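Residue-level structure breakdown
Each chain is listed here by its residues.
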Amino acid sequence: MTTPLIGVLALQGDVREHLIALASADAVARPVRRPEELAEVDGLVIPGGESTTISKLAELFGLMEPLRERVGAGMPVYGTCAGMIMLADKILDPRSGQETLGGIDMIVRRNAFGRQNESFEAAVEVAGVEGGPVEGVFIRAPWVESVGARAEVVAEHDGHIVAVRQGNALATSFHPELTGDHRVHALFVDMVRAAA
């Protein structure tokens, strides 16, 4: 596979920025809102936004079970911020009725880095990304409290886990799509190619 088809879950969040980042990393990128669109893609990005809203909209659009099935079957998936929460096997402080897809053996704390007005940018060294640190944009970002034996920590900031990989699943607390540096997306595109 030379040019993978990668979807961006387009229910809420910064969808356009991920589509641009994926295209610049040599993937064909398209929004995914329906189960039949999900069935066509080789991999999927779950963007930032509000994790409770994303989970409720996924139920409403009939996507929650198809997403769980594809992620469980090994479809490459990358979650940023709220997407990281969606990929967690467990959330420490879930909102009422909030569900996750699972896929990464980690426990995540929502909004761990603070409120919107406490958002910040920081240089983050990400294992597997060459060329020095990436600029991480942290907006009401979660962090990972702990990981299980199958999950690999690929980045930390200020003593907290901010990026994790498990098999074909990747998750970051931060938003690399907002910086113009698309190396994390290129890493994910390579993961999709390798899985094919």
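Predicted model only: the values in this text are computed from it and were never measured.

1. A look at helix α6 (residues 183-195)
For α6, with 13 residues, the first-to-last C-alpha span of 18 Å sits near the 18 Å given by 1.5 Å per residue. Listing the buried residues of α6 in full gives V184, H185, L187, F188, V189, M191 and V192.

2. Re the side chain of S55
Assignment of secondary structure puts S55 in helix α3 (residues 51-60). By relative accessible area, which is 2% here, S55 ends up buried. Residues contacting S55, with those up to four places away along its chain left out, are M64, M86, G97, Q98 and E99.

3. Some remarks on the packing of aromatic side chains
A complete count under the given rule lists six aromatic pairs for this structure. Residues F113 and F120 carry aromatic rings whose centres are separated by 5.5 Å and whose planes lie at 70° to one another, so their mutual orientation is edge-to-face. Considering the side-chain rings of F113 and F138, the 5.2 Å spacing of their centres and the 65° angle between planes classify their relative orientation as edge-to-face. Here F113 is found in the loop between β6 (104-109) and β7 (120-124), whereas its partner F138 is found in strand β8 (residues 134-138), with 25 residues between them in sequence. Assigned by exposure class, F113 and F138 land together as buried. An aromatic cluster is defined as three or more aromatic residues linked by ring pairs; in this entry it consists of F113, F120, F138, W143 and F174.

4. Focus on the UniProt feature "active site" (unreviewed entry) in the protein chain
The feature "active site" (unreviewed entry), as annotated in UniProt, sits at C81, H175 and E177 in this numbering. For the residues just named, distributed over 97 residues, the greatest C-alpha separation is only 11.2 Å, placing them together at one site. From this annotated list, the subset lining the largest pocket comprises C81 and H175. On the secondary structure map, C81 appears in the loop between β4 (77-80) and α5 (82-87). Setting aside anything within four residues of it in sequence, one finds C81 in contact with G48, I139, R140, A141, P142, T172, S173, F174 and H175. Within the element layout of this structure, H175 appears in the loop between β12 (169-172) and α6. Beyond its immediate chain neighbours, meaning those up to four positions away, H175 contacts D14, G48, T80, C81, V137 and I139. There is a polar contact of 3.3 Å between the side chain of H175 and the side chain of D14.

Analysis parameters
- Residues numbered from 1 in each chain as written.
- Predicted model: local features only at pLDDT ≥ 70, side-chain atom pairs only at ≥ 80, totals over all residues.
- Heavy atoms only, no water.
- Helix = DSSP H or I, 4+ residues; strand = E, 2+ residues; numbered from the N terminus.
- Expected span 1.5 Å × (residues − 1).
- Buried < 20%, exposed > 50% of the residue type's maximum accessible area, 1.4 Å probe, protein only.
- Contact = heavy atoms within 4.5 Å.
- Phe/Tyr/Trp six-rings, centres within 6.5 Å; stacked < 30°, edge-to-face > 60°.
- UniProt positions renumbered as here; feature names shortened; annotations may be inferred.
- 1 Å grid on protein atoms, 1.4 Å probe; cavity = no way out; pocket = protein on both sides within 12 Å on 5 of 7 lines; lining within 4 Å.
- Polar contact = N/O pair within 3.5 Å; in protein donor to acceptor, adjacent residues only side chain to side chain.

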